[in-house]
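# Per-entry structural report
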Amino acid sequence: MEKFDKLTGIAAPLDIINVDTDMIIPKQFLKTIQRSGLGKNLFDEMRYTPEGDEIADFVLNQPAYRAAQILVAGDNFGCGSSREHAPWALLDFGISCVIAPSFADIFYNNCFKNGILPIVLPQEDVDKLMDDSKRGANATVSIDLESQTIKGPDGGEISFEVDAFRKQCLLEGLDDIGLTLQKAAAIDDYEARLDAQAWR
Amino acid sequence: MTGTTLYDKIWDAHLVAADADGNSLLYIDRHLVHEVTSPQAFEGLRMAGRSPRAPHKTLAVADHNIPTTNRAGGLAAIDDPESKLQIETLENNCAEFGIDYLPMDDIRQGIVHVAGPEQGFTLPGLTIVCGDSHTSTHGAFGALAHGIGTSEVEHVLATQTLIQGKAKNFRINVVGDAPAHVTAKDIALAIIGEIGTAGGTGYVLEYAGEAIEALSMEGRMTLCNMSIEAGARAGLVAPDAKTFEFLKDRPRAPKGADWEAAVAYWQTLKSDEGAVFDKEITINAADLPPLVTWGTSPQDVIAVDGHVPDPSAIADEGRRKATERALDYMGLSAGTPMQEVAIDRVFIGSCTNSRIEDLRAAAAIAKTGKVAASVNAMVVPGSGLVKQQAEEEGLDKIFIAAGFDWREPGCSMCLAMNADKLAPGERCASTSNRNFEGRQGRGGRTHLVSPEMAAAAALAGHFVDIRDLKAEG
């Protein structure tokens, strides 16, 4: 997994609540057997007409945001399905940080497995960053995971909370499976006790 | 004195290791796999030179983009090359890694969340995961069941565990008796309407109360299935005699002395008297009407005899904007009576409502008339076994005589990955679980309803209050 420590980039505003995984990556792109290549279809139905032409209004089609690396969004971002294609599509587009007042659980969890930092902030802080991100090419935001701070374009700082274990995994790009396999003896012990419940 | 909740009990029984930071390693008893969220996980195992730790604890079946027609030709006859490749990849991965697989032409093939319980793969007190958010369905048996991402699918295959933070406890008491024609689907929609689509985020829901006890296992599956639409990864119903009766003699259920030992243990699986819940609400089932969604979030519910809401009456800016956006997408005007909303399509199926009881309820309505000329309606059974049973009961003939399409099992138009989808602007009465923008096809407009409400809408060409229909009949 790619490490995530610091990020300075353009923040794009997506001022919508309940952005669901069908919006992030519609089902017709889930037929792939790979993780890569989904960025071109990120937000496909909001980004392109049925004929495949860009919809100029959509934030990621606007010149200032075509290289956005951060997304600022409304409540309950990522609700819906468990498809990890959603974080894969964000990452493949170049977005590795999403800031919102709240996230759906499965999506939130999936982000950390892919080197994406989802940041939960109080609504007033999100509102401030949403305003900042509406400044187009001047909407540069810096994120420092180590110190858990966000610096806006005016230099104002906002701090955020993140689970210590997940933070460490992101900072070091640690592979969960490798970490769990270090506990193989504990899994062996647990499975040995399962013999008492043959039906399991 | 405080007690423990059902969720706490299952959690504690599966704890392999607990870290000081609150993250735990949880043992996973059962893992369901389908074609869409697994290829990258198997590829990950292959690249790391890892193999499944306990392959017999995983069961695989293709459901998401399998065709619901033209099944006789097998894999070779699937028109869409990408769908075909994905199903072929699943078959090959199962063969390579020694995983049990229910093939396309097997009578047991079906939607993972229908096939798992049918096989007795789903049992009370277990931890069950699948790369699909509707894994919450299995909570109907008192199993801790939730959706996971593909990285976690790989993690479970490699280690038979998951790294988890503990959720909070939320009990939803549904008291009283549900009136006639108020189904598990209506109860689920009512709960989501009440707590909102993020109301359950961070919680495991436990459904309790006499209206829940009164539900059949099919009904409990419908209810738990929709937990994720309230933001909760998992929902639970404490197992009881109905649960045991459903499971007894299923192919993978324990037998003989193992069965007796299992039931003895399962009977302990309930929240203790005095157990503390972080959150609790009570809903009176007797007050509930049949419901229909008007918008693009499952929380956008209204009684079938109600009207499309007026966004200008909503104070909260985010909600108002979302409502305006939803009405625009849905092509609806504020104040329109829901029963005047005409539909083009009907979909009866999905992991929410494709089991035998659902089909019986829909057929009971279907036999009272014919599908309206302006409507295209389809019924997609949840599994080959459901289809077989429905045909034994003659339900297929009722549907076909009324003008419904009778299809092969799969996820079908719930998520429209296969050829079954809405055209832009088409409006559908659907027994599925999500009414998101584009969910059933780009530009498609989805209204979530119960199977009998869907069947009634098919006949009338618009939504109807099923209670009136019965009174007339």
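Below or above, wherever it landed, is the structure these notes cover. (Residues numbered from 1 in each chain as written. Chains lettered and ligands numbered in written order. Predicted model: local features only at pLDDT ≥ 70, side-chain atom pairs only at ≥ 80, totals over all residues. Heavy atoms only, no water.)

Secondary structure assignment for chain A yields eight helices and seven strands. With the principal axes as the frame, chain A shows a C-alpha extent of 60 × 40 × 25 Å. Here chain A holds 200 residues, and 57% of them are scored as buried. The contacts of chain A with a sequence gap of at least 6 include a subset with a gap of at least 24, amounting to 66%. Counting every atom, chain A has about 7900 Å² of accessible surface; 48% of that belongs to carbon and sulfur. (Helix = DSSP H or I, 4+ residues; strand = E, 2+ residues; numbered from the N terminus. Buried < 20%, exposed > 50% of the residue type's maximum accessible area, 1.4 Å probe, protein only. Contact = heavy atoms within 4.5 Å. Areas by Shrake-Rupley, 256 points an atom, 1.4 Å probe, with all protein chains shown as cover.)

Right, let's talk about the packing of aromatic side chains for a bit. Tallied over the full model, the rule gives 17 aromatic pairs over all chains. An angle of 85° between the planes, with centres 5.4 Å apart, marks the rings of W199 of chain A and W266 of chain B as edge-to-face. Residue W199 of chain A is found in the segment after α8 (184-193), and its partner W266 of chain B is found in helix α10 (residues 256-266); the two belong to separate chains. Summarising the burial analysis for this pair, W199 of chain A and W266 of chain B share the class buried. With a centroid separation of 5.3 Å and 65° between ring planes, the pair formed by F141 of chain B and F246 of chain B is classed as edge-to-face. Taken together, the positions of F141 of chain B in the loop between β6 (127-130) and β7 (144-147) and F246 of chain B in helix α9 (residues 241-247) put the pair 105 residues apart, joining distant regions of the chain. Judged by its relative accessible area of 15%, F246 of chain B falls in the buried class. Of the aromatic side chains, those joined through ring pairs into one cluster are F77, F103, F107, Y108 and F112 of chain A. When the ring centre of F121 of chain B is taken as reference, the NZ or CZ atom of R30 of chain B above it lies at 5.5 Å. (Phe/Tyr/Trp six-rings, centres within 6.5 Å; stacked < 30°, edge-to-face > 60°. Lys NZ or Arg CZ within 6 Å of the ring centre and 35° of its normal.)

Here we come to the sheet that holds strand β3 (residues 30-33) of chain B. Sheets are built from strands paired through backbone hydrogen bonds, the pairs being either parallel or antiparallel. Residue and element names in this part refer to chain B. Read across the open sheet, the five strands follow the order β5-β4-β3-β6-β7; overall the sheet is parallel. A strand with exactly one partner marks an edge of an open sheet, and here the two such strands are β5 (100-102) and β7. The mean angle between the axes of side-by-side strands here comes to 20°, regardless of whether they run parallel or antiparallel. Inspection of the sheet shows strand β4 (residues 58-61) paired to β5 by three bridges, in the parallel sense. When the sheet's bridge partners are listed, A60 is paired in β5 with Y101. (Pairing = 2+ DSSP bridges. Axes fitted to C-alpha atoms, helices over the stretch in contact; angles between N-to-C directions.)

The interface is formed by 57 residues belonging to chain A together with 75 residues belonging to chain B. Taken together, the two surfaces of chain A and chain B that pack against each other cover about 5300 Å², and 55% of this comes from carbon and sulfur. Interface area lost by chain A to chain B is led by K31, I33 and W199 of chain A, which between them contribute 16%. Counting across the chain A and chain B interface gives 10 salt bridges. Viewed at the interface, chain B and chain A are joined by 35 residue pairs in polar contact (both at pLDDT 80 or more). It is α8 of chain A that contributes the most residues to the side of chain A that touches chain B, seven residues altogether. Residue classes in the side of chain A that touches chain B are distributed as 22 nonpolar, 15 polar and 20 charged. (Buried area = accessible area lost by both parts, 1.4 Å probe. Salt bridge = Lys/Arg side-chain N within 4 Å of Asp/Glu carboxyl O. Polar contact = N/O pair within 3.5 Å; in protein donor to acceptor, adjacent residues only side chain to side chain. Nonpolar A, V, L, I, M, F, W, Y, C, P; charged D, E, K, R; others polar.)

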